[in-house]
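Chains, contacts and geometry: an overview
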Amino acid sequence: MNAYSDLLLKLHYLDLEINEIYQIMQKFKKTSLSIALKNYFPRYQKLDVSCIKSNLDKHNIKYVTILDENYPKKLENIYMPPLVLFYQGDLSLLDHKMIAVIGARDNSEYGKEVTKIFVRELVKQQIYIISGLAYGIDTIAHKSSMECMGKTIAVLGSGINQIYPLEHTDIARKIGRNHLLLSEYPPFAKGKKTHFPFRNRIVSGLSDGVLVIEAKKRSGTLITCDYALDQGKDIFVVPNHIFAENSEGTNNLIKQGAYLVTSVDDILEKIKH
């Protein structure tokens, strides 16, 4: 078991996309996977798992594999569950009730104010906030949770030592020290365009429901909602006026059957039964 966990760890240092890792694992049986990796990926042979672990310790980064007992139960049955999660902070936060708060990167003042109000009320109910540390609503949600003395979880589309966007490094460090910072990418992996939409399956997978505050007609927010629906999660949407560009996506979600919410009570009655 430990040998296979080490294999999974090394596999994540080959700079492959997650779907490529899954393709490799599906192609070869567990018993022949190590041999195949050595044959097809010369770099794999050069990777020293002891050095990898030592480097993780040096940067105060821990990891959990899908084989471990403390692997998040909520992720076990999602689409392509992460095989390895790198983290800083308290992994046990994932056992708690939490809401994903997501939305527009170029939020309006209305969106900012609504986010602060909803997060404050969720925190009062001992509900944790999870999001993706992106510009706009994501970061407002993280900051609001911390300001209200709540707990927050940030899921990255880059490595923990390669925060993207760079301007969010300080808040990421605060989250890593006092809350939970997560990534399925090794510490120095850069944020690629393909990482962020795929990262969203983890955000929704760990949540007990997704709260959407402002979204354009075409938006990464809607990708998270698609994952959430596949995972059987409820979508909660704050309405906005019909002429705002940032309301096209949210209003369409309401038309398609998402819950229209105007207060936290609308969410609580769904997630606390």
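Quick note: structure is the one above.
None of these values were measured; they are calculated from a predicted model.

The next subject is the packing of helix 9 (residues 195-206) against helix 10 (residues 220-230). In a packed pair of helices, the relevant descriptors are the angle between the two axes and the axis-to-axis distance. At a minimum axis separation of 8 Å, helix 9 and helix 10 run at an interaxial angle of 50 degrees. Classed by the angle they form, the pair helix 9 and helix 10 counts as oblique. Between helix 9 and helix 10 lies a crossing whose hand is right-handed. Counting all contacts with helix 9, which are made through Pro197, Phe198, Asn200, Arg201 and Ser204, the residues of helix 10 involved are Gly220, Ile223, Thr224, Tyr227 and Ala228. Grouping the constituent residues of the contact of helix 9 with helix 10 by class yields 5 nonpolar, 4 polar and 1 charged.

Attention shifts here to the packing of aromatic side chains. This structure, assessed with the given rule, holds 5 aromatic pairs. With 5.9 Å between their ring centres and 40 degrees between their planes, phenylalanine 28 and tyrosine 40 make a pair best called tilted. Placement of phenylalanine 28 in the loop between helix 2 (18-27) and helix 3 (30-40) and of tyrosine 40 in helix 3 is noted, with a sequence separation of 12 residues between them. Judged by its relative accessible area of 54%, tyrosine 40 is exposed. Their ring planes at 25 degrees and their centres at 5.7 Å tell us that phenylalanine 236 and tyrosine 259 sit as a pair that is stacked.

One pass over the structure, following the stated rule, counts 8 salt bridges. With a shortest N-O distance of 3.4 Å, lysine 192 and aspartate 15 are connected by a salt bridge. You can see lysine 192 sitting in the loop between strand 6 (180-183) and helix 9 and its partner aspartate 15 sitting in the loop between helix 1 (2-11) and helix 2, a full 177 residues away along the chain. Owing to a relative accessible area of 31%, lysine 192 belongs among the partly exposed residues under this scheme. Taking the relative accessible area as the measure of exposure, aspartate 15 reaches 57% and is therefore exposed. Of the charged contacts in the structure, one is a salt bridge between aspartate 208 and lysine 74, with a shortest N-O distance of 3.1 Å.

Buried residues of helix 5 (residues 49-58): Val49, Ile52 and Leu56, and no others. End-on, the buried residues of helix 5 take up no more than an arc of 55 degrees, which puts them together on one face. Residues of helix 5 that are exposed and angled more than 90 degrees away from the buried face: Ser50, Cys51, Asp57 and Lys58. Each element contacted by the buried residues of helix 5 is listed here: helix 1, strand 1 (62-65) and strand 2 (84-89). The N-cap of helix 5, judged by a side-chain oxygen 2.8 Å from the amide nitrogen of serine 50 a few residues on, is aspartate 48.

Right, let's talk about the sheet that holds strand 3 (residues 98-103) for a bit. Strand order in the open sheet formed by 9 strands is 1-2-6-5-4-3-7-8-9, with mixed pairing between adjacent strands. One side of each edge strand has no neighbouring strand; the edge strands of this open sheet are strand 1 and strand 9 (259-260). Taken together, the 3 bridges between strand 7 (residues 210-213) and strand 8 (residues 235-237) define a ladder with parallel strand orientation. Pairing of valine 212 across the sheet is with valine 237, part of strand 8. Of the strands in this sheet, strand 1 and strand 2 touch helix 1, which is tilted by about 115 degrees from strand 1.

Another aspect to go through is the pairing of strand 6. Every second residue of strand 6 is oriented toward a common face, with Leu180 and Leu182 on one face and Leu181 and Ser183 on the other, all of them buried. Where strand 2 and strand 6 come together, 4 bridges link them in antiparallel fashion. Considered in strand 6, the bridge of phenylalanine 86 is made with serine 183. Judged from the 3 bridges that link them, strand 5 (residues 152-155) and strand 6 form a sheet pairing that is parallel. Directly across from valine 155, in strand 6, lies its bridge partner leucine 182. In this region the chain leaves strand 5, passes through helix 8 (residues 169-178) and returns to the parallel neighbour strand 6; the handedness of that crossover is right-handed.

Criteria and cut-off values
Residues numbered from 1 in each chain as written. Predicted model: local features only at pLDDT ≥ 70, side-chain atom pairs only at ≥ 80, totals over all residues. Heavy atoms only, no water. Axes fitted to C-alpha atoms, helices over the stretch in contact; angles between N-to-C directions. Helix = DSSP H or I, 4+ residues; strand = E, 2+ residues; numbered from the N terminus. Parallel < 35°, antiparallel > 145°, perpendicular 65-115°, else oblique. Left-handed = near helix turned anticlockwise from the far one by under 90°. Contact = heavy atoms within 4.5 Å. Nonpolar A, V, L, I, M, F, W, Y, C, P; charged D, E, K, R; others polar. Phe/Tyr/Trp six-rings, centres within 6.5 Å; stacked < 30°, edge-to-face > 60°. Buried < 20%, exposed > 50% of the residue type's maximum accessible area, 1.4 Å probe, protein only. Salt bridge = Lys/Arg side-chain N within 4 Å of Asp/Glu carboxyl O. Arc of directions from axis to C-beta. Polar contact = N/O pair within 3.5 Å; in protein donor to acceptor, adjacent residues only side chain to side chain. Pairing = 2+ DSSP bridges. Right-handed = clockwise from strand over helix to strand, strands pointing away.

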